[in-house]
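Descriptive structure summary
The lines below spell out each chain.
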Amino acid sequence: MGATSLNSHAAAGGRPEGRGSGADSSRASPATSAGQVTFGPPRSPGVKYYREFMQWATAKGVPVDFGSAHGYETDTGTGPQGPASFFRQNRADTPSGMPLHISETNVAADLGNPALDRSDAAASFLRTIIETTGVVDALAYWSFTDIFEELGQADKPFHGGFGLQTIHGVKKPAYRLLQLLHTVGDRRAPLTLSNAPATVGGIAVTGSAHGGGSGGGGVDVLLYNHALATGDGSAPVPAQPATLTVTLRGVRPGARARVRRIDEDHTNPYQEWIELGSPEYPTRRQLRDIEHASDVVSRPLELKADHGTDVARFALTLPAEGVAAVHIG
């Protein structure tokens, strides 16, 4: 997958912040060139200010060590592929050889958006990861937890918070996606998707070195079905359930397939909370039930192999705003 692996360039939380901008920044250059500080632009949304900073730094001869930016799917100007459209432009505006760190991204920039608690966030992040592999050097999900006080601390377990976990530590779907990514490899493999609409995409990887989960070799296929952003403030083009056939190479004879899902019916602690009556202060038993609903479950999946070749295929239906992780080994 080139210089950037699928599971190493995606992370959560931190921001590589700049030291400043404008005329004061140029006075930091002696220390920068001496290696005493790391200097980059202030994090900025979209592309306009990022481009202007890089143009200014180039014109003034100010040394810059890295680029940093952020973008959200609900931001004005996003293309059909979501915030990845921003990050590709950021890369184009970054001098050759300079690292590009995306310090914030998510399915929505508005606190209180229910998509932040649901599988939408996982499907959106997986698409962004796939679209920016080899484009950015770091991609950070915003943020670690719903214990987040910038706009006031909410007390409900699910309130459309930015975090990977609720205030009680319940793992949301996006958290579980990162867990799945931790078990897969970092070498891209050929993948063919048949009957896939524009909302569906995926990637196949090999080379897993982890001992648990889907580790121990084989091929991992990660799929998403996520709405297409419009970028003009109107509602996105919604995803619809899609039945597709996936064909891949490099499958050993006798291999078997298992699938793990994140969607409305799987790995959905938010729905469990709703069904419990949306308690503002859940009991310990209710919290255990909600946490249990967050678990990722692995199930067998029928795999058909072409006799005498390393080609295999499987079919599955991917719900709207769904993620499927298939391990073949």
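Presented here is a report on the structure given in the accompanying data block.

About the thresholds
Residues numbered from 1 in each chain as written. Predicted model: local features only at pLDDT ≥ 70, side-chain atom pairs only at ≥ 80, totals over all residues. Heavy atoms only, no water. Pairing = 2+ DSSP bridges. Helix = DSSP H or I, 4+ residues; strand = E, 2+ residues; numbered from the N terminus. Right-handed = clockwise from strand over helix to strand, strands pointing away. Axes fitted to C-alpha atoms, helices over the stretch in contact; angles between N-to-C directions. Contact = heavy atoms within 4.5 Å. Expected span 1.5 Å × (residues − 1). Buried < 20%, exposed > 50% of the residue type's maximum accessible area, 1.4 Å probe, protein only. Salt bridge = Lys/Arg side-chain N within 4 Å of Asp/Glu carboxyl O.

With that out of the way, let us pick up the pairing of strand β4 (residues 138-141). For strand β3 (residues 100-106) and β4, the ladder comprises two bridges, and the chain directions are parallel. Within β4, the residue paired with His101 across the bridge is Ala138. Crossover handedness for the path β3 to helix α5 (residues 119-132) to β4: right-handed.

Turning our attention to the sheet that holds strand β8 (residues 219-225). Two strands in a sheet stick together by hydrogen bonds in their backbones, pointing the same way (parallel) or opposite ways (antiparallel). Across the sheet, six strands lie side by side as β5-β7-β8-β14-β10-β11; this open sheet has antiparallel pairing. A strand with exactly one partner marks an edge of an open sheet, and here the two such strands are β5 (187-189) and β11 (298-301). Adjacent strand axes in the sheet meet at a mean angle of 30°, parallel and antiparallel pairs treated alike. Bridge count between β8 and strand β14 (residues 322-328): seven bridges; the pairing is antiparallel. Counted as the bridge partner of Asp220 is His327 from β14. Contacting β5, β7 (200-206), β8, β10 (257-262) and β14, α5 crosses the sheet at an angle of about 120° to β8.

Turning our eyes to something else, we now look at α5. Taking 1.5 Å per residue, 14 residues should reach 20 Å; α5 reaches 20 Å between its end C-alpha atoms and fits that length. Across the 14 residues of α5, 14 count as buried, placing the element largely inside the fold. Just downstream of α5, Gly134 is the residue with a positive phi angle, here 85°.

So, about the pattern of salt bridges. Here the structure, examined in full by the defined rule, presents eleven salt bridges. Among the ionic pairs, Glu52 bridges to Lys48, the shortest N-O distance being 2.9 Å. Of the two residues, Glu52 and Lys48 are both situated in helix α3 (residues 48-60); the distance of four residues between them amounts to about one turn of the helix. Residue Lys48 is classed as partly exposed on the basis of its relative accessible area, which comes to 46%. Note that Lys172 is salt-bridged to Asp117, the shortest N-O span being 2.7 Å. Here Lys172 is found in the loop between β4 and α6 (173-182), whereas its partner Asp117 is found in the loop between β3 and α5, with 55 residues between them in sequence. Note on accessibility: Lys172 and Asp117 belong to one class, buried.

As a further point, take the environment of Ala189. Among the structural elements, Ala189 can be located in strand β5. Counting along the chain gives 32 residues from Ala189 to Val221, while the straight-line C-alpha distance between them is 9.2 Å. Excluding anything up to four places from it in sequence, Ala189 contacts Ala204, Val205 and Thr206.

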